[in-house]
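# Reading the structure
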Amino acid sequence: MTTHPDPALRETPGVVPQAGPADDWARGVDTVPRAAGTPEELQPYAELGLRDDEYDRIRHILGRRPTQAELAMYSIMWSEHCSYKSSKVHLRQFGEKAPPSDRLLAGIGENAGVVQVSDELAVTFKVESHNHPSFVEPYQGAATGVGGIVRDILAMGARPVAVMDPLRFGAADHPDTARVLPGVVAGVGGYGNCLGLPNIGGEVVFDPCYQGNPLVNALCLGVLPVDRLQKKEAAGPGNVVVLMGAKTGRDGIGGVSVLASATFDEGSEQRRPSVQVGDPFTEKLLIEACLELYDAELVVGIQDLGGAGLTCALTETAAAAGTGMRVWLERVPLREPSMEPHEILASESQERMLLVVAPDKLEAVLKTAEKWGVLATAIGEVTAPSPDGQPGRLLITWRDQEVVDVPPGSLVDDGPVYARPMREPADLILLQADRAETLPRPSDPEALRETLLRMIASPNLADKTWVTEQYDRYVLGNTVLAQPEDSGVIRIDERTGLGVALSVDGNGRYARLDPYHGTKLALAEAYRNVAVTGAKPIAVTNCLNFGSPEDPGVMWQFAEAVRGLADGCLELGIPVTGGNVSFYNQTGAAAIHPTPVVGVLGVLDNVADQVPMGFVPRPAGDHDQLFLLGETHVELSGSEWAWVTHEHLGGIPPQVDLARERQLAELLAEAARVGHLSSAHDLSDGGLAQSLVESSLRRGVGARVVLPERFAGGSMPFVFLFSESAGRVLVSVPRGHEKAFTALCAERGVPWEFIGVTDPASGALEVHGQFRIGLDELREAHTGTLPRLFGGAEAARVEVEATRTGTTTVLPATAEQPVDVDPAEVAAEPIAQAGAAPAETEVEATSATSADVADAPAADDAPADEVVADEAPTDAAGAAADAPAAADPDDSATATGDPDQPSAPDQR
Amino acid sequence: MTARVGVVTFPGSLDDGDAARAVRIAGAEPVRLWHGDPDLHGVDAVVLPGGFSYGDYLRCGAIARFAPVMGSIVDAARGGLPVLGICNGFQILCEAHLLPGALTRNQHLHFRNRDQVLRIEAVGTAWTNAFQPGQEVLIPVKNGEGCYVADPATLDRLEAEGRVVARYVGGNPNGSQRDIAAITNEAGNVVGIMPHPEHAVEALTGPSLDGLGFFTSVLKHLVGAPA
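Because the structure is predicted, anything quoted here is derived from the model rather than measured.

### Description of the UniProt feature "binding site: Mg(2+) 2" (unreviewed entry) in chain A
Residue and element names in this part refer to chain A. When the UniProt feature table is mapped to this numbering, "binding site: Mg(2+) 2" (unreviewed entry) covers Asp 152 and Asp 304. Spanning 153 residues, the named residues nonetheless gather at one spot, since no C-alpha pair among them exceeds 6.2 Å. Topologically, Asp 152 is positioned in helix α9 (residues 138-155). As for its position among the elements, Asp 304 is in strand β8 (residues 301-304). For Asp 304, the residues in contact, after removing those within four places along its chain, are Asn 111, Gly 148, Arg 151, Asp 152, Ala 155, Ala 313, Arg 352 and Met 353.

What follows is the structure, encoded as structure tokens:
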């Protein structure tokens, strides 16, 4: 299709500049020859987030100073967000400790893990964060978060078939939450609905620690025939490099390097142009076009454009194949013709894919793109590795000027790797000593009744319909279960009924109290949520949301969480197939709770066997029997009750026993298969009371519960109803099955207890000797909270502005109270942050950890000997710096503002 | 011979596969029609499915009505071809002036997806003859711009002529005037409905099987109609 320019040009980077420097700058382009001829020119590497030693390393790799375009490329590829430089040394445990699996077709390091589920079919799934963009610009931040993860799934050769969204916000009644939440929800819905992907689950969690830094994670599930798996390798010299999809614009320029890798405090308004703008319609066309290309076997390799845009796609595809690439940058279709080379290379414009195509297939590819009305442009070609066996080079010209000449692997694989200092937060021991088990508990029936009604109406436990009914859960016609069920269940083969179950869970409070066991608890909950549907859990994905890795306390939390997840997966026998790390989630010096979000995928041989969470209506006189599986202990620390009632966070989170979780899952799968279960519902936040209420309200079927004898006196009824002990499930069993079911429990070694019956006729939930509450009263309490908080006229007004303008959620609300920020000061902020970054090799003193002490509750009456000290070893350091790439490049996020003074002002 | 029911795919159509599945479950042969192809391939009826045709960044359905396939459909509908517009399809039928009125932004300004009770009021149409008059059915509704509006004279005429095919019962999900969920043209061969009958055709994936009646109706209609 094209001819090479003079090969001498790219093989001799040290060549003397052809034109004078002044001439080049006059044309606005810093060329390779010019860079070679002006070694002393000052470059703004610190502003781009690169440290002195990193910049020196780039000069060493290139044998000269980088051009402006090259500098931009290195700065984004070596950012935390793309390079995983702080997390690599820990993440490799996921590979090292991975249990053997013959299902894994693609694992960590690919765009998404791919798991085989039948002879013909495989599924791919992954969760990713889009936290910081969603704080700056809730609608577009959340929308493009969905778009980004969908393209990851698409790039594996799969048809995306469902999405889920774990969301975390500040306090539910904080005015800024009324700005962020409606925008995020509308953005998730706006993009996913328009793409035709059912939203089948997720989380909505409120906690003040997320006030200045909401967490917007997005998961996508895809399905592919096993033989349609795609590769990202730009193999085959002479093959054509095609950019397909939207035009490239200035949106998202610096989104990675500025937004995601350096903390800044004020002025999020000024950063709005850095947030990408989504166009789900183009993405829908892109999906259909790509699937048609896959089926016709027209592409050799494919990669989505996400963080770091074209830079990442070009270097990763070339590095993966060891080839070089020749790119004519002026061929990239631009939305704004004045864009400069470094802007084109860094742009994060959405809805783009990079294809590698054999020359004889190019015409067919362009024709398919045309059919779907998507732009497709040949922008370059794959070049051969060096004759000496070295990988090829990436050579990019811009209007005949050579602007980039780099070894692609140096951007992808040779980035800095840090074993950052870690230390257990100094306040942790005090926090753990302050146990919630010592708090005053309700101990009479009236108080218990009042507690239950208050708990089910509290924001974290309240019904989330206000959120989820903004999502399409029906499209594609394969949704068997969706929220509020424990898992989403999707049929993936209409012929056989084969399906998958998916759940995502996390508990930042547990992880704050004990990141190692807190992460295992998140894994256990997601695993259990999949198991209660009758599915067999087979694979894990994760999104690790943490504060700044430069804080040794945060780094310790991260290391503990990774260790917990890797150990947990080994114990459960299911591998981590991919994931995402999001650092710098903090506001000023205060980090969010460490928040590992874990997704578990399970397989159902026939979705018709699936078990729902709701009690089942029966003809008059008939009922099901209720059993509680697992053991209930006095475990209230980190619980929803402690938080709602006492605003308390302290103590040791519930015990987690993954061997028992595994037994429980096996029991549930077998019981579901043989029809012993009418319903099954996981117990987690809010304990048994919450599960009873949810199972009752699901289909309007009440229940009568009897307290086991040992939970009869004093505050023990309360413990029975509100303890958050792990490994428990509430099941209803049809009459006639109870003997066989309990025998199966005994055989599998799962503790069980008969706790009552469903009561389809009563219209009430009754706990014998304690209280009887009508379902209407329960429903009113449970469903009223979110509409009251977010359903008002003002929230709606903000949302309509967002969806109408397609860009701005913040404006209408904030225009009333402009922020007094000096733009110059704001622009300078990231520089100061980057420059102040401590050297990783130095062992830091206590300065950074002291930040965490600030929010430690006073350890008043908890005796020291109650502290469990034999858990969570604190010596997780000592990782080598030469770790292999352990995860794929993804998103990470940053924090803004101060918790008490959010940079986006309150609306009310 | 099996009836052949066309399902149009516009760029941005989302429920086309679901509509085709519903046609198949009802016992007919789905035929996929492409927005850019004016040839209707001899189908006996047409479904315009839900979705966001051409992105619907402009008024919903405003671009789709100009698609080449729509010219043929409008002509054929005027000649009696049964046409069912679901959600986005309803919007397109209004834009194409096969049905009166318009669908505007939901009054509460949110996209809303819920299982909705409808009362079928007109059972003489090509798409509802399998129902009883006044029958209540449970069908998912999911839309952002499903608020049906028309001038009072048009609404009066629709009611007087028995052309309100279905109304929302037990809560109006989008603020539609007079709780209107579905209407038909004067001849009764063209029906626009905001909720999604194609999502209520399988016990496993839908809240009921009530949606199937729309698709079996058209088969009944075709059998009874002169060839």
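### Some details on the nonpolar core
Grouped together as the largest cluster of nonpolar side chains are 135 residues, with contacts concentrated most on Met 244 and Leu 355 of chain A together with Phe 10, Leu 48 and Met 70 of chain B. If near-sequence neighbours (up to four positions away) are discounted, Leu 48 of chain B is found in contact with Val 8, Phe 10, Met 70, Ile 73, Val 83, Leu 84, Gly 85, Ile 86, Gly 89, Ile 92 and Leu 93 of chain B. The next biggest cluster of nonpolar side chains, apart from the first, holds 68 residues, and it includes Leu 544, Phe 546, Met 555 and Trp 556 of chain A.

### Structural notes on the side chain of Ser 695 of chain A
All names here are of chain A. Inspection of the secondary structure assignment puts Ser 695 in helix α25 (residues 687-699). For Ser 695, a relative accessible area of 0% puts it in the buried group. A polar contact of 2.8 Å, which involves the side chain of Ser 695, links it to the backbone oxygen of Met 613. Apart from the residues lying within four places of it in its own chain, the contact partners of Ser 695 are Met 613, Gly 614, Phe 615, His 681, Val 701 and Leu 730.

### Some words on the packing of helix α7 (residues 88-96) of chain A against helix α22 (residues 552-572) of chain A
Residues and elements named next belong to chain A. Axis separation between α7 and α22 bottoms out at 9 Å; the angle between their running directions is 5 degrees. The pairing of α7 with α22 is recorded here as roughly parallel in orientation. In this structure, α7 contributes His 90, Leu 91, Gln 93 and Phe 94 to the contact, and α22 contributes Met 555, Phe 558, Ala 559, Val 562, Arg 563, Leu 565 and Ala 566. For the contact of α7 with α22, the per-class residue count stands at eight nonpolar, two polar and one charged.

### With respect to the pairing of strand β1 (residues 4-9) of chain B
The two faces of the sheet receive side chains in turn, since in a regular strand these alternate between them. Residues and elements named next belong to chain B. In terms of burial, β1 is a largely internal element, five of the six residues being buried. Two strands pair when backbone bridges link them, and β1 and strand β2 (residues 29-34) are joined in this way by six bridges, in the parallel orientation. Bridging across to β2, Val 8 finds its partner in Leu 33. The parallel pair β1 and β2, bridged by helix α1 (residues 16-26), forms a crossover whose chirality is right-handed. Here β1 pairs with strand β3 (residues 45-48) via three bridges, running parallel. What sits directly across from Val 5, in β3, is Ala 45.

### Side note on the environment of Gly 477 of chain A
Among the structural elements, Gly 477 of chain A can be located in the loop between α19 (465-468) and β14 (479-481). For Gly 477 of chain A and Ile 490 of chain A, which are 13 residues apart along the polypeptide, the C-alpha to C-alpha distance reads 9.1 Å. In contact with Gly 477 of chain A, not counting residues within four places along its chain, are Arg 491 of chain A together with Asp 18, Arg 21, Glu 202 and Thr 205 of chain B.

### Here we look at a nonpolar patch on the surface
Residues and elements named next belong to chain A. A surface patch of nonpolar side chains, about 260 Å² in accessible area, is lined by Val 706, Trp 752 and Phe 754. In this structure, Val 706 sits in the loop between β24 (702-705) and α26 (716-722). Val 706 gets classed as partly exposed once you look at its relative accessible area, which sits at 37%.

### Considerations on the state of the cysteines
Residues and elements named next belong to chain B. Tallied over the entire structure, the rule returns zero disulfides over all chains. Considering cysteine sulfurs only, Cys 87 is the nearest to Cys 60, which forms no disulfide, with 8.2 Å between them. Looking at Cys 60, the relative accessible area reads 10%, which means it is buried.

### A few points about the pattern of salt bridges
One pass over the structure, following the stated rule, counts 62 salt bridges over all chains. It is possible to trace a salt-bridge network through shared partners that takes in Arg 119, Glu 121, Asp 156, Glu 159, Arg 167 and Arg 178 of chain B.

### Comments concerning the UniProt feature "active site" (unreviewed entry) in chain B
Residues and elements named next belong to chain B. Taking the numbering used here, the UniProt-annotated feature "active site" (unreviewed entry) corresponds to Cys 87, His 196 and Glu 198. The annotated residues occupy 112 residues of the chain but converge on a single region, no pair of C-alpha atoms lying more than 10.9 Å apart. Take Cys 87: it is sitting in the loop between β4 (83-86) and α3 (88-95). Exposure remark for Cys 87: the relative accessible area of 7% places this residue in the buried category.

### Concerning the side chain of Asn 88 of chain B
Residue and element names in this part refer to chain B. You can see Asn 88 is positioned in helix α3. There is a polar contact of 2.8 Å between the side chain of Asn 88 and the side chain of Gln 91. Filtering out sequence-adjacent residues up to four positions away, Asn 88 remains in contact with Pro 49, Gly 50, Gly 51, Phe 52, Ser 53, Asp 56, Cys 60 and Gly 61.

Cut-offs applied
- Residues numbered from 1 in each chain as written.
- Chains lettered and ligands numbered in written order.
- Predicted model: local features only at pLDDT ≥ 70, side-chain atom pairs only at ≥ 80, totals over all residues.
- Heavy atoms only, no water.
- UniProt positions renumbered as here; feature names shortened; annotations may be inferred.
- Helix = DSSP H or I, 4+ residues; strand = E, 2+ residues; numbered from the N terminus.
- Contact = heavy atoms within 4.5 Å.
- Core = buried A, V, L, I, M, F, W, Y, C linked by side-chain atoms within 4.5 Å.
- Buried < 20%, exposed > 50% of the residue type's maximum accessible area, 1.4 Å probe, protein only.
- Polar contact = N/O pair within 3.5 Å; in protein donor to acceptor, adjacent residues only side chain to side chain.
- Axes fitted to C-alpha atoms, helices over the stretch in contact; angles between N-to-C directions.
- Parallel < 35°, antiparallel > 145°, perpendicular 65-115°, else oblique.
- Nonpolar A, V, L, I, M, F, W, Y, C, P; charged D, E, K, R; others polar.
- Pairing = 2+ DSSP bridges.
- Right-handed = clockwise from strand over helix to strand, strands pointing away.
- Patch = residues over 30% accessible without salt bridge, like charges linked within 9 Å, V, L, I, M, F, W, Y side chains within 5 Å.
- Areas by Shrake-Rupley, 256 points an atom, 1.4 Å probe, with all protein chains shown as cover.
- Salt bridge = Lys/Arg side-chain N within 4 Å of Asp/Glu carboxyl O.
- Disulfide = S-S within 2.5 Å.

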